[in-house]
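# Structure assessment
One-letter residues, chain by chain:
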Amino acid sequence: MQGFTDFWHSTGIANFELGQLVMMAVGGLLLFLAISKKFEPLLLLPIGFGAILANIPEAGFTEPGGLLYYVYYIGIESGVFPLLIFMGVGAMTDFSALIANPKTLFLGAAAQFGIFATLLGAIALNAVPGFSFTLEDAAAIAIIGGADGPTAIFLASRLAPDLLGAIAVAAYSYMALVPLIQPPIMKALTRPEERQIEMAQLREVSRREKVLFPLLVLGATILFLPAATPLVGMFCLGNLMREAGVVDRLSNTAQNELINIVTIFLGLAVGSKLSADQFLQVETLGILLLGAVAFSIGTAAGVLMAKLLNRISAEPVNPLIGAAGVSAVPMAARVVNKVGLEANQQNFLLMHAMGPNVAGVLGSAVAAGVLLAMVG
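Residues numbered from 1 in each chain as written. Predicted model: local features only at pLDDT ≥ 70, side-chain atom pairs only at ≥ 80, totals over all residues. Heavy atoms only, no water.

Turning our attention to the overall build of the protein. Secondary structure summary: the protein contains 21 helices and zero strands in total. Relative to the globule expectation of 21 Å for 376 residues, the C-alpha radius of gyration of the protein, 22 Å, shows essentially globular dimensions. Once the C-alpha set of the protein is aligned to its principal axes, its extents read approximately 85 × 50 × 40 Å. For the protein, with 376 residues in total, the buried portion stands at 53%. (Helix = DSSP H or I, 4+ residues; strand = E, 2+ residues; numbered from the N terminus. Rg over C-alpha atoms; globule rule 2.2 N^0.38 Å. Buried < 20%, exposed > 50% of the residue type's maximum accessible area, 1.4 Å probe, protein only.)

Right, dumping it as structure tokens:
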């Protein structure tokens, strides 16, 4: 009889708590969004599965000695996984559109306005009972507005590791919802005739320009914002491997095998922070709300900056491309192209939108460096 009692107390049925069941349901929801809706499946699937594993009673996945504990410690707490992801993204990024039309850099910069507006919003939320965000917490939450998952994870692991799970889920959820969130904002801020504006074809960019660009970006970062060099440096390394033309094996590995392996473990590590005791708090709701606000402000700021450029530029600028200033590459650029085609079937904006889109990646990394320098 004692043996049966001991066995019963070792089962999941006897040890489940309500919060764990709720979080396993959240993990199941993330799996549903990844598999059925195809919302950011490469990360939502391992994050959702990691959330389920983290909430299994008596399994010890997140305790010292457990798999997820070591994955998080080695990859996230050390900052290695986000940096490797950035190298892979750099290897997959073509800067031609930005080099050919450098003024779109302002659109990527404008879209980061949502980050700093949300920083103030997170601090102001402390006036509401139940919220107690520190300046470090607010900075980590604000980076959601950049719509850059690896940057959000990198900054949260540095400034607010206890909030990492909520911040990562919010960042990737809003990235996945770009096709739903951005079009209404874009249409509300532009007139039909503005959405119909056709832009001139981009000039051809030389190989020399492509090779020099990541080196110049890294040099500028070293001089003016060294705190951002971990992210920007790895991004530039990946891009240089792509454009140099002499290390195709390394570039292909960074774009495929390496980034795929790191993505699996990055998702599991983030999922390990979705345990009931860390996630089911009132602050989580605030993070999700602030993330939506940050993303919306970033989109609006990019569109408004594009409207300004259209007025002062010698060549026409379709204001829609400003929405691609957030870092959701290449989804935001595709959404811009789709909305542009709805207004004008001859209006192909994809390549024009890639300029602010890749500028947004650099912008979010720079914003993270600024926040680290300010509050880190």
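Following the criterion strictly, the structure yields one cavity of 30 Å³ or more and no others. The volume enclosed by the largest cavity comes to roughly 40 Å³. Every residue lining the largest cavity is listed: Asp162, Leu163, Ala166, Gln278, Phe279, Gln281, Glu283 and Thr284. Those elements that provide at least two residues to the lining of the largest cavity are helix H18 (276–279) and helix H19 (282–312). For the lining of the largest cavity, the residue count by class is three nonpolar, three polar and two charged. (1 Å grid on protein atoms, 1.4 Å probe; cavity = no way out; pocket = protein on both sides within 12 Å on 5 of 7 lines; lining within 4 Å. Points joined across faces, edges and corners; volume = space filled by probe spheres on them. Nonpolar A, V, L, I, M, F, W, Y, C, P; charged D, E, K, R; others polar.)

What follows covers the packing of aromatic side chains. Taken as a whole and assessed by the stated rule, the structure comprises five aromatic pairs. For the pair Phe131 and Phe133, a centre-to-centre distance of 5.9 Å together with 45° between the ring planes defines the contact as tilted. The pair formed by Phe131 and Phe133 is uniform in burial state, with each residue classed as buried. Three or more aromatic residues joined by ring pairs form one cluster here, namely Phe86, Phe95, Phe213 and Phe235. One residue, Lys273, lies across the ring of Tyr72, its end atom 4.3 Å from the ring centre. (Phe/Tyr/Trp six-rings, centres within 6.5 Å; stacked < 30°, edge-to-face > 60°. Lys NZ or Arg CZ within 6 Å of the ring centre and 35° of its normal.)

It is worth spelling out helix H10 (residues 135–142) at this point. For H10, a buried count of six out of eight residues is recorded, marking the element as mostly surrounded by other parts of the structure. Within H10 the residues assigned to the buried category are Asp137, Ala138, Ala139, Ala140, Ile141 and Ala142. Contacts made by the buried residues of H10 are with helix H9 (113–124), helix H11 (149–159), helix H12 (164–176), H19 and helix H21 (350–375). (Contact = heavy atoms within 4.5 Å.)

According to the stated counting rule, one finds seven salt bridges in the structure shown. As a salt-bridge pair, Arg191 and Glu193 come within 2.8 Å of each other at their nearest N and O atoms. For Arg191, a relative accessible area of 41% translates into the label partly exposed. Salt bridges here are not isolated pairs; linked through shared partners, they connect Arg191, Glu193, Glu194 and Lys307. (Salt bridge = Lys/Arg side-chain N within 4 Å of Asp/Glu carboxyl O.)

The next point concerns a nonpolar patch on the surface. On the surface, a cluster of nonpolar side chains totalling about 440 Å² of accessible area is made up of Phe16, Leu18, Leu21, Val22 and Leu280. Tracing the backbone through its elements, the reader meets Leu18 in helix H3 (residues 18–35). For Leu18, a relative accessible area of 67% gives the class exposed. (Patch = residues over 30% accessible without salt bridge, like charges linked within 9 Å, V, L, I, M, F, W, Y side chains within 5 Å. Areas by Shrake-Rupley, 256 points an atom, 1.4 Å probe, with all protein chains shown as cover.)

Packing of helix H13 (residues 178–189) against helix H20 (residues 331–343) leaves a shortest axis separation of 10 Å and a crossing angle of 50°. Regarding the angle of H13 to H20, the classification is oblique. Crossing hand, H13 versus H20: right-handed. Taken together, the residues of H20 that come into contact with H13 (itself represented by Val178, Pro179, Gln182, Pro183, Met186 and Lys187) are Met331, Ala332, Val335, Val336, Val339 and Glu342. (Axes fitted to C-alpha atoms, helices over the stretch in contact; angles between N-to-C directions. Parallel < 35°, antiparallel > 145°, perpendicular 65-115°, else oblique. Left-handed = near helix turned anticlockwise from the far one by under 90°.)

With that out of the way, let us pick up the layout of surface pockets. In this structure, the largest pocket spans a volume of roughly 820 Å³. Put simply, the parts of the chain that give the lining of the largest pocket at least two residues each are helix H4 (41–54), helix H6 (80–92), H11, H12, helix H17 (248–271) and H21. Examining the composition of the lining of the largest pocket, we find that five residues originate from one element, H17, more than from any other. Within the lining of the largest pocket, the residues separate by chemical class into 18 nonpolar, seven polar and five charged. Lining the second largest pocket are 23 residues, with Leu105, Val217, Ala220, Leu362 and Val366 positioned closest to its centre. Classifying every residue of the lining of the second largest pocket by side-chain character gives 19 nonpolar, four polar and no charged.

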